[in-house]
Amino acid sequence: MSKDKSAGEPSAEATETLLSHLIELRDRILRMFLAILVVFLLLFPFANQIYTWLATPLMVHLPEGTSMIAIEVAAPFLIPFKLVLLLAVVLTIPYTLYQLWAFIAPGLYKHEKRLAAPLVASSTLLFYLGMAFAYFVVFPLIFAFFTATAPEGVAVMTDISRYLDFVIMLFLAFGIAFEVPIATILLVSMGATTPDKLARKRPYVIVGTFVVGMVLTPPDIISQTLLALPMWLLFEIGLILSRIMERRKADRLATEGTDDDGPDDDGPGGGATRSGTPGGSSGGGSGSQTPPARDTAPAAGSSAAAAGAAPRGASASAPPDSAARDQAPASADDAYRPLTEAEMDAELDRMEAEQDELTRAKKTGPAPADPGEREGEGENTTGRPASSTNSDEAAPPPKAQNG
């Protein structure tokens, strides 16, 4: 039982590595919170001015004699506090992403680092751009529309808490919507789709942008359209950028492929040196012809298993150039192709046949050069002397023995 428990426990090295990663993650999260706290403390004295600046797009369209109201007791303090805290989180997004990047970057490949760094920077800029578009373009239009369509006798006095929730929803919606080019580039780079497929699905994308605009924005056609149209435009931009990226990737792969194939064709182990020319067969030596022998062994083994093992003299009498030409693989990849089970069985049969032939040759011994050399070695199996074997075989047996 103790052995089973010790086998299931992680090693001390793995535990130490995990603890070091957790400690590093804790330190970076603390740095993120510390950065948010510092920015919050710097902005909190200006909380009321910041809220006034945020509410300006609505206040300029309110009727004369009206203003925003606070229907909750703690709202005049809590709402600016909440706004400043959210603003501190938004402003520290670059530093937060940097801490996350520093934690995961050591585990990424070089091409992943090259792709991730510009994507993180561009996604942050696009998020800020979406929030700016919502504040400077969308807010004036929709607030002018809402205040102008109020029924007669209704005083428009928006609560500060409801207004903050409304604008935060729009900020998030437009910030996320402006990430469409990043999503398009990521899908293409991961191989999930291609620019041509996305271009063929453009009608569905247009309908999808209006559906997303309807879900993320208030129930009015103006804000829905103002969100759907930039999403469509950003989709087209992402499509163009993905085409450029794919074209550059194809050119780079073509260049790298040419460079990689060069040494294989011209190097010491390339196809040129293993051709059937005499220079290639003589220069390669016994070591260079070992891989071709592995590839041609299954065919030789199958023929030996079917027709019996061939004598060694027959295989040795073949010219070396023709043998090298027959055994040379078609390409460089064939020299390193592993044997299948059937080929391995055929190779074993061939080796077994050769071993049987060697064993049979050892048992029989070499053939005598002169029949007279074996005189005096004793009688053979029939009981007659070895020297009189030929005469006895030629003469008929005596009649007395037959009787």
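Looking at an unreviewed UniProt entry, one finds the chain named Sec-independent protein translocase protein TatC, with Thioalkalivibrio paradoxus ARh 1 as its source organism. According to the UniProt record, the Sequence similarities (unreviewed entry) comment for the chain is "Belongs to the TatC family." Its UniProt record, at the heading Function (unreviewed entry), says of the chain: "Part of the twin-arginine translocation (Tat) system that transports large folded proteins containing a characteristic twin-arginine motif in their signal peptide across membranes. Together with TatB, TatC is part of a receptor directly interacting with Tat signal peptides."

Enquirer: I tried to follow the overall build of the chain on my own but got confused; where do I start?
Expert: When helices and strands are tallied, the chain shows 18 helices and 0 strands. For the chain, with 403 residues in total, the buried portion stands at 27%. Across the chain, every contact between residues at least 6 apart in sequence was considered, and the portion connecting residues at least 24 apart equals 80%. As displayed, the chain offers around 26,500 Å² of accessible surface, 65% of which is attributable to carbon and sulfur atoms.

Enquirer: Which parts of the structure should I look at to understand a negative patch on the surface?
Expert: There is a patch of like negative charges on the surface, built from Glu341, Asp345, Asp349, Glu352 and Asp356. For Glu352, the position within the fold is in helix α16 (residues 341-364). Of the residues examined, Glu352 reaches a relative accessible area of 48% and is grouped as partly exposed.

Enquirer: Help me understand the side chain of Thr209, please; the structure alone is not making it clear to me.
Expert: By the element assignment, Thr209 lies in helix α10 (residues 202-216). If we ignore the near neighbours within four places in the chain, the residues touching Thr209 are Ala228, Met231 and Trp232.

Enquirer: Is there a simple way to think about the UniProt feature "transmembrane region" (unreviewed entry) in the chain in this case?
Expert: The positions that UniProt labels "transmembrane region" (unreviewed entry) are, in the present scheme, residues 29-51, 83-104, 125-146, 166-192, 204-221 and 227-245. Secondary structure content for residues 83-104 is 95% helix and 0% strand, and the end C-alpha separation is 31 Å. A distance of 30 Å separates the end C-alpha atoms of residues 125-146, which is 100% helix and 0% strand.

Enquirer: Looking at this structure, how should I read the packing of helix α3 (residues 47-59) against helix α4 (residues 75-91)?
Expert: Put simply, α3 and α4 touch, their axes get as near as 9 Å, and they point 80° apart. Between α3 and α4, the crossing angle belongs to the class labelled roughly perpendicular. Facing Ala47, Asn48, Ile50, Tyr51 and Leu54 of α3, the residues of α4 in contact are Pro76, Ile79, Pro80, Leu83, Val84 and Leu87. Classifying every residue of the contact of α3 with α4 gives 10 nonpolar, 1 polar and no charged.

Enquirer: I would appreciate a short explanation of a nonpolar patch on the surface in the present structure.
Expert: A cluster of nonpolar side chains, contributed by Leu18, Leu19, Leu22, Ile23, Leu25, Ile29 and Phe33, occupies part of the molecular surface with about 640 Å² of accessible area. Of note, Phe33 is situated in helix α2 (residues 12-43).

Enquirer: I would appreciate a short explanation of the packing of aromatic side chains in the present structure.
Expert: Aromatic ring pairs: the centre-centre distance and the angle between the two ring planes describe each pair. For the structure on display, the rule yields 15 aromatic pairs. When the ring of Phe44 is compared with that of Phe81, the centres are 5.9 Å apart and the planes differ by 75°; the resulting orientation is edge-to-face. Residue Phe44 is located in the loop between α2 and α3, and its partner Phe81 is located in helix α4; the two are separated by 37 residues in the primary sequence. On the basis of relative accessibility, which here comes to 32%, the residue Phe44 falls in the partly exposed class. Relative to Tyr163, the ring of Phe143 has its centre 5.6 Å away and its plane inclined at 40°; by these criteria the two rings are tilted. One end of the pair, Phe143, is in helix α6 (residues 110-148); the other, Tyr163, is in helix α7 (residues 160-177), and 20 residues separate them in sequence. With respect to class, Phe143 is no different from Tyr163; both count as buried. Ring-pair connections join several aromatic residues into one group, and the members of that group are Trp53, Tyr135, Phe136, Phe139, Phe143, Tyr163, Phe166 and Phe171.

Reading the values: rules and limits
- Residues numbered from 1 in each chain as written.
- Predicted model: local features only at pLDDT ≥ 70, side-chain atom pairs only at ≥ 80, totals over all residues.
- Heavy atoms only, no water.
- UniProt positions renumbered as here; feature names shortened; annotations may be inferred.
- Helix = DSSP H or I, 4+ residues; strand = E, 2+ residues; numbered from the N terminus.
- Buried < 20%, exposed > 50% of the residue type's maximum accessible area, 1.4 Å probe, protein only.
- Contact = heavy atoms within 4.5 Å.
- Areas by Shrake-Rupley, 256 points an atom, 1.4 Å probe, with all protein chains shown as cover.
- Patch = residues over 30% accessible without salt bridge, like charges linked within 9 Å, V, L, I, M, F, W, Y side chains within 5 Å.
- Salt bridge = Lys/Arg side-chain N within 4 Å of Asp/Glu carboxyl O.
- Lys, Arg positive; Asp, Glu negative; His and termini not counted.
- Charge placed at Lys NZ, Arg CZ, Asp CG, Glu CD.
- Axes fitted to C-alpha atoms, helices over the stretch in contact; angles between N-to-C directions.
- Parallel < 35°, antiparallel > 145°, perpendicular 65-115°, else oblique.
- Nonpolar A, V, L, I, M, F, W, Y, C, P; charged D, E, K, R; others polar.
- Phe/Tyr/Trp six-rings, centres within 6.5 Å; stacked < 30°, edge-to-face > 60°.

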